Amino acid sequence: MVCFEVILLGFTFQDPGSLEPAGDWFLDNFIALMMINIGFFLILMVALSPQRQGLQEWARYRQEGGHR
């Protein structure tokens, strides 16, 4: 994840040259970076969350007093 963030930061500080007025490119790149980060974190949350079946079994086990 750290490597992914470093790569994204590298793209954020990349100057497109004379295609856009000075200063506007950084804000545009930073907004794009934040959108990619939000999408990445949403994907990670879904991928790393336990499945419904596992949560139900864990709750049932705790309710039955098996946590001793």
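As shown above, the structure is provided for reference.
Residues numbered from 1 in each chain as written. Predicted model: local features only at pLDDT ≥ 70, side-chain atom pairs only at ≥ 80, totals over all residues. Heavy atoms only, no water.

**Student:** Honestly, the overall build of the protein in this entry has me stumped. Any pointers?
**Tutor:** Of regular secondary structure, the protein possesses 3 helices and 0 strands. Sequence-ordered secondary structure for the protein, helices as α and strands as β, is α-α-α. Of all 68 residues assigned to the protein, the portion counted as buried reaches 7%. Accessible surface computed for the protein: about 6000 Å², of which carbon and sulfur atoms make up 68%. (Helix = DSSP H or I, 4+ residues; strand = E, 2+ residues; numbered from the N terminus. Buried < 20%, exposed > 50% of the residue type's maximum accessible area, 1.4 Å probe, protein only. Areas by Shrake-Rupley, 256 points an atom, 1.4 Å probe, with all protein chains shown as cover.)

**Student:** Please clarify how the environment of Asp28 should be interpreted in this entry.
**Tutor:** Mapped onto the secondary structure, Asp28 falls in helix 2 (residues 24-48). Counting along the chain gives 16 residues from Asp28 to Thr12, while the straight-line C-alpha distance between them is 8.6 Å.

**Student:** When you look at the side chain of Asn37 in this model, what are you seeing that I'm missing?
**Tutor:** Structurally, Asn37 is set in helix 2. Here Asn37 is in contact with Glu5 and Leu8, once residues within four sequence places are set aside. (Contact = heavy atoms within 4.5 Å.)

**Student:** I tried to follow helix 3 (residues 52-63) on my own but got confused; where do I start?
**Tutor:** Given 3.6 residues per turn, any residue in an α-helix points the same way as the ones three and four places further on. In a regular helix each residue adds 1.5 Å, so 12 residues correspond to 16 Å; helix 3 covers 16 Å between its end C-alpha atoms and thus fits that length. Count one or two residues on from helix 3 and you reach Gly65, which has phi positive near 85°. (Expected span 1.5 Å × (residues − 1).)

**Student:** I tried to follow the packing of aromatic side chains on my own but got confused; where do I start?
**Tutor:** Geometry of an aromatic ring pair is reported as the spacing of the ring centres plus the angle between the planes. Enumeration over the complete set of coordinates arrives at 2 aromatic pairs. Pairing Phe40 with Phe41 gives two aromatic rings, centres 6.1 Å apart and planes at 50°, and the pair type is tilted. Take Phe40: its relative accessible area is 23%, and that puts it in the partly exposed class. Members of the aromatic cluster, joined through ring pairs, are Phe4, Phe40 and Phe41. (Phe/Tyr/Trp six-rings, centres within 6.5 Å; stacked < 30°, edge-to-face > 60°.)

**Student:** How should a nonpolar patch on the surface be read in this particular structure?
**Tutor:** Together, Leu27, Ile31, Met35, Ile38, Leu42 and Met45 line one region of the surface with nonpolar side chains, adding up to about 620 Å² of accessible area. Along the chain, Ile31 turns up in helix 2. (Patch = residues over 30% accessible without salt bridge, like charges linked within 9 Å, V, L, I, M, F, W, Y side chains within 5 Å. Salt bridge = Lys/Arg side-chain N within 4 Å of Asp/Glu carboxyl O.)

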